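Residue-level structure breakdown
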Amino acid sequence: MSLPGQFSDPRVLTLFGLLAVSTVVWLSLGLRARTRRERAHAPLERVWHPQESVPLTPAEEHAFGQVVSRLSQGSAGRLR
């Protein structure tokens, strides 16, 4: 089945194909970037390792808190 009139020109078909592909790529990259930005605002959960079965002492808890506070993001979104 051939397309009628000016749409049967291979240059027109190539142009529409390129426009379709570039639109899909643009939309997918935009959605990926939005997902990445939204995920960055979520607080990080501490991953519990199976070998961490020994409870921490108050001094160790304090030392851990000091390290975490230094690794938290500053106002510009950069690590301090």
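About the criteria used
- Residues numbered from 1 in each chain as written.
- Predicted model: local features only at pLDDT ≥ 70, side-chain atom pairs only at ≥ 80, totals over all residues.
- Heavy atoms only, no water.
- Helix = DSSP H or I, 4+ residues; strand = E, 2+ residues; numbered from the N terminus.
- Buried < 20%, exposed > 50% of the residue type's maximum accessible area, 1.4 Å probe, protein only.
- Areas by Shrake-Rupley, 256 points an atom, 1.4 Å probe, with all protein chains shown as cover.
- Salt bridge = Lys/Arg side-chain N within 4 Å of Asp/Glu carboxyl O.
- Patch = residues over 30% accessible without salt bridge, like charges linked within 9 Å, V, L, I, M, F, W, Y side chains within 5 Å.
- Lys, Arg positive; Asp, Glu negative; His and termini not counted.
- Charge placed at Lys NZ, Arg CZ, Asp CG, Glu CD.

Summing up its helical and strand segments, the chain has two helices and zero strands in all. For the chain, the proportion of its 80 residues judged to be buried stands at 0%. Surface summary for the chain: the accessible area is close to 7,900 Å², and the carbon and sulfur share equals 65%.

The next subject is the pattern of salt bridges. Under the defined criterion, the tally for this structure stands at one salt bridge. Residue Asp 9 is joined to Arg 11 by a salt bridge in which the shortest nitrogen-to-oxygen separation is 3.1 Å. On the basis of relative accessible area, Arg 11 is assigned to the exposed category, the value being 65%.

Attention now moves to a nonpolar patch on the surface. A contiguous nonpolar surface patch, about 290 Å² in accessible area, is contributed by Leu 15, Phe 16 and Leu 19. Residue Phe 16 is classed as partly exposed on the basis of its relative accessible area of 44%.

Next up on the list: a positive patch on the surface. Taken together, Arg 32, Arg 34, Arg 36 and Arg 37 make up a surface patch of like positive charges. Summarising the element assignment, Arg 32 is placed in helix 1 (residues 10-40).

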